[in-house]
Amino acid sequence: MSSIRKRVLVTGGAGFLGSHLGERLLSEGADVLCVDNYFTGRKDNVAHLLANPRFEAMRHDVCFPLYVEVDEIYNLACPASPIHYQFDPVQTTKTSVSGAINMLGLAKRLRAKIFQASTSEVYGDPSVHPQREEYRGNVNAIGPRACYDEGKRCAETLFFDYHRQHRLRIRVARIFNTYGPRMHPNDGRVVSNFIVQALKGEPITLYGDGTQTRAFCYVDDLIDGFVRLMAAPDEVTGPINLGNPVETTVAELAAKIIALTGSRSPIVRRPLPVDDPVQRCPDIDRAKTLLAWQPKIPLDQGLAKTIAYFDKLLTEQRQEPPATVKQLA
Ligand SMILES: NC(=O)c1ccc[n+]([C@@H]2O[C@H](COP(=O)([O-])OP(=O)(O)OC[C@H]3O[C@@H](n4cnc5c(N)ncnc54)[C@H](O)[C@@H]3O)[C@@H](O)[C@H]2O)c1
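Conventions used here
Residues numbered from 1 in each chain as written. Predicted model: local features only at pLDDT ≥ 70, side-chain atom pairs only at ≥ 80, totals over all residues. Heavy atoms only, no water. Helix = DSSP H or I, 4+ residues; strand = E, 2+ residues; numbered from the N terminus. Rg over C-alpha atoms; globule rule 2.2 N^0.38 Å. Buried < 20%, exposed > 50% of the residue type's maximum accessible area, 1.4 Å probe, protein only. Contact = heavy atoms within 4.5 Å. Areas by Shrake-Rupley, 256 points an atom, 1.4 Å probe, with all protein chains shown as cover. Lys, Arg positive; Asp, Glu negative; His and termini not counted. Charge placed at Lys NZ, Arg CZ, Asp CG, Glu CD. Core = buried A, V, L, I, M, F, W, Y, C linked by side-chain atoms within 4.5 Å. 1 Å grid on protein atoms, 1.4 Å probe; cavity = no way out; pocket = protein on both sides within 12 Å on 5 of 7 lines; lining within 4 Å. Points joined across faces, edges and corners; volume = space filled by probe spheres on them. Nonpolar A, V, L, I, M, F, W, Y, C, P; charged D, E, K, R; others polar. Polar contact = N/O pair within 3.5 Å; in protein donor to acceptor, adjacent residues only side chain to side chain.

1. Description of the overall build of the protein
Okay, step 1: For the protein, the helix and strand inventory stands at 11 helices and 13 strands.
Okay, step 2: Against the compact-globule benchmark of 20 Å for 329 residues, the protein has a radius of gyration of 20 Å, which places it among compact chains.
Okay, step 3: Classification of the 329 residues of the protein by burial places 53% in the buried group.
Okay, step 4: Counting only contacts in the protein whose residues sit at least 6 apart along the sequence, the fraction spanning at least 24 positions is 82%.
Okay, step 5: Of the roughly 15200 Å² of accessible surface on the protein, a fraction of 53% belongs to carbon and sulfur atoms.
Okay, step 6: Counting 40 positive and 37 negative side-chain charges, the protein places the averaged centre of each group 3 Å from the other.

2. Description of the side chain of Glu133
Okay, step 1: Structurally, Glu133 can be placed in the loop between strand 5 (113-119) and helix 5 (146-166).
Okay, step 2: Glu133 sits in the buried class, given a relative accessible area of 6%.
Okay, step 3: What Glu133 contacts, discounting residues up to four positions off in sequence, is Tyr123, Arg174, Pro239, Ile240, Asn241, Asp283 and Arg286.

3. Digging into the nonpolar core
Okay, step 1: Counting 61 residues, the largest nonpolar core has Leu21, Tyr74, Leu76, Phe115, Phe226 and Leu291 as the members making the most contacts within it.
Okay, step 2: Not counting residues up to four positions away in its chain, the partners in contact with Leu76 are Val10, Thr11, Gly12, Leu17, Gly18, Leu21, Phe115, Ala117 and Phe226.
Okay, step 3: One finds Leu33, Leu106, Leu110 and Ala112 within the second-largest nonpolar core, a separate group that totals 26 residues.

4. Here we look at the layout of surface pockets
Okay, step 1: Approximately 230 Å³ is the volume found for the second largest pocket.
Okay, step 2: Every residue lining the second largest pocket is listed: Arg42, Asp44, Asn45, His48, Arg182, Tyr309, Leu313, Glu316, Gln317 and Glu320.
Okay, step 3: Mapped onto the lining of the second largest pocket, the elements with two or more residues apiece are helix 2 (43-46) and helix 10 (299-319).
Okay, step 4: Of all the elements, helix 10 adds the most residues to the lining of the second largest pocket, at four residues.
Okay, step 5: Here the residues of the lining of the second largest pocket are counted per class, giving two nonpolar, three polar and five charged.

5. Focus: helix 6 (residues 190-200)
Okay, step 1: For helix 6, a buried count of eight out of 11 residues is recorded, marking the element as mostly surrounded by other parts of the structure.
Okay, step 2: Among all positions in helix 6, only Val191, Ser192, Asn193, Phe194, Ile195, Val196, Gln197 and Ala198 are buried.
Okay, step 3: Among the structural elements, strand 7 (178-179), strand 8 (204-207), helix 8 (250-261) and helix 10 are those in contact with the buried residues of helix 6.
Okay, step 4: Two residues or fewer past helix 6, Gly201 is found with a positive phi of approximately 70°.

6. Here's the deal with the environment of Asp209
Okay, step 1: With respect to the element layout, Asp209 can be found in the loop between strand 8 and strand 9 (213-215).
Okay, step 2: Sequence spacing of Asp209 and Leu76 is 133 residues, and the spatial spacing of their C-alpha atoms is 33 Å.

7. Some remarks on the side chain of Ser265
Okay, step 1: On the secondary structure map, Ser265 appears in the loop between helix 8 and strand 13 (267-270).
Okay, step 2: Among the polar contacts listed, one links the side chain of Ser265 to the side chain of Ser263, at a separation of 2.8 Å.
Okay, step 3: Every residue in contact with Ser265, bar those within four places of it in the chain, is listed here: Gln197, Ala198, Gly201, Glu202, Ile204 and Ile258.

Next up, the structure:
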């Protein structure tokens, strides 16, 4: 009997997480359809996959219906950093909500399994630590981050309603801060910010007093959690926290990056942005029990790989001829 290859749709497939997921799925023998409108994603992120006949990239905005034939859907399309999701907040909500409706409709038609990349931001500025999945959150519905937080909350609601109403097989992951190669260099996320500033020898901007904590998960660990969740029995719908429970203060992160890059950058302080949570840390007991998953890659090791990526990227950018010379060449 010939085995049928699994066809997997990854929306937001040219983004940071989507490109790593595509790589992982290809390595497991799946056919991968990457759908992206390239708002924050880059063709460079998937350029190395294009030669693979089992990989296909398609420009499409998930706010519009999509008609393709697949067995599984990972719905990752959505700008993920405050700079990008606040650039066009109405479009951000549309992407989360209309995007979810369109992808759930597709899954319903195909009876496909569907995964939602939700976020720890559904907990808002949390009043309990660490955050367990039962915690209902503390989100400001009218603040500048609401387009993302409430969009993602509504998407979760839609996933569970499709599950209850249409018995769709769903998987909802609440992702905490993740870092690694192919993060956007100017997205204002703390890891990429600090690394780029350190490598350029520019001042490192520390918001607040630096005692706010984050829990940073290396991308390979996270993607392993995605794949395990998708492969789990159908009763494992989530929501399920995926992240690294090791808390680090933002000041400690800056110090580590300065040490690992050997940078002489000074640290400068800036006021904390509105609604920026002071503490964020996942409780991953559910993922440990249901998926036998927990992060393995220590922060120093993940940071070293990420620094190597940004170092190469910045060197390539420095070597690029100015635009006018490039046009003449
Ligand atoms: N990286 C993290 O730490 C993190 C944390 C929590 C949740 N997430 C979620 O994971 C997903 C992927 O995040 P990421 O870090 O890879 O961000 P990213 O910005 O690199 O990737 C998102 C991708 O979605 C695409 N996109 C945006 N709007 C679209 C639309 N309307 N139609 C089609 N494509 C669209 C972008 O072009 C991009 O390629 C997002 O849904 C995000 O909310 C990420």
